[in-house]
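Take a look at the letters that make up each chain.
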Amino acid sequence: MTLQIGDTAPDFQAHTTVGRIRFHEWVGSNWSVLFSHPKDFTPVCTTELGYTERLRPEFEKRGVRVIGLSVDSIGDHERWADDIEATQGARPLFPIIGDADRSIASLYGMLHPKADTTFTVRSVFIIDPAKKVRAMITYPASTGRNFDEILRVIDSLQLTDKHKVATPVNWRPGDDVIIVPSLSNDEARKLFPEGWNELRPYLRVTKQPA
């Protein structure tokens, strides 16, 4: 079965660069980002993991735990970390899974045989504290991911979980948001006392809730 948004993220046990973990237990009551990279000692992956480590304080500020995965060994991960630190100025301190038997990659559908028969594509899974998959992003091996966009998606998910709003195109934190169409005007007045700009009955723009 293909993993879909709203599904429970499969649990697993794995060897990582910080020791053996059970995924759901390791995540605890936090949000999490599980992402795969095709292969250690490759250029695009090197830039991605260095940047992810530099962003780690931003993830932590949002209550998000980050974990990487590739089909290489833990030993390779640890040796590669020296290169990442030397070239990117940051050594990954978040766990990286060694999925040599490809069991976790298969569980999460990270292997796309028509793209590559051996290595994973660049998959991202954003998972909420209830262990539900809330967003999935897939890139080809040749294209480095935009991890700032991953943070933006998390900001949107956390905001819209708390308030009856949706975020419009190219939204950034602090920008105006949209009142969800399922909310009547009477209900909206109670939640958004400062009002809104009604462009259409289904398109009511308001300031982002605090």
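This report concerns the structure included in the present document.

The rules behind the values
- Residues numbered from 1 in each chain as written.
- Predicted model: local features only at pLDDT ≥ 70, side-chain atom pairs only at ≥ 80, totals over all residues.
- Heavy atoms only, no water.
- Helix = DSSP H or I, 4+ residues; strand = E, 2+ residues; numbered from the N terminus.
- Buried < 20%, exposed > 50% of the residue type's maximum accessible area, 1.4 Å probe, protein only.
- Contact = heavy atoms within 4.5 Å.
- Polar contact = N/O pair within 3.5 Å; in protein donor to acceptor, adjacent residues only side chain to side chain.
- Core = buried A, V, L, I, M, F, W, Y, C linked by side-chain atoms within 4.5 Å.

Topologically, isoleucine 150 is positioned in helix α5 (residues 147-162). Classification of isoleucine 150 by relative accessible area gives buried; the value is 1%. In this view, isoleucine 150 contacts Val33, Phe59, Val124, Ile126 and Ile137; residues no more than four positions away in its chain are not counted.

With respect to the element layout, arginine 145 can be found in the loop between β7 (133-139) and α5. Owing to a relative accessible area of 8%, arginine 145 belongs among the buried residues under this scheme. A polar side-chain atom of arginine 145 sits 2.6 Å from a polar atom in the side chain of glutamate 48. For arginine 145, the side chain forms a polar contact with the main-chain oxygen of serine 123, separated by 3.1 Å. Sequence-distant contacts of arginine 145, that is, excluding residues within four places in its chain, are made with Phe35, Ser36, His37, Glu48, Arg122, Ser123, Val124 and Tyr139.

The subject of this paragraph is the environment of threonine 206. Note on placement: threonine 206 falls in strand β11 (residues 203-206). Separated by 29 residues in the primary sequence, threonine 206 and valine 177 have C-alpha atoms spaced 5.5 Å apart. If near-sequence neighbours (up to four positions away) are discounted, threonine 206 is found in contact with Asp176, Val177, Ile179, Phe192, Gly195 and Trp196.

Moving on: the nonpolar core. Val33, Phe35, Leu49, Phe59, Ile126, Ile150 and Ile154 are the most contacted members of the largest nonpolar core, which has 22 residues in total. For this core, the secondary structure elements donating two or more residues are β3 (31-36), α2 (43-61), β4 (64-70), α3 (74-88), β6 (122-127) and α5. Residues in contact with valine 33, not counting those within four places in the same chain, are Phe59, Val64, Arg65, Val66, Ile67, Val124, Phe125, Ile126, Ile150 and Ile154. Counting residues in each nonpolar core, the second largest holds 19 residues, with Ala9, Ile104, Ile127 and Val133 among its members.

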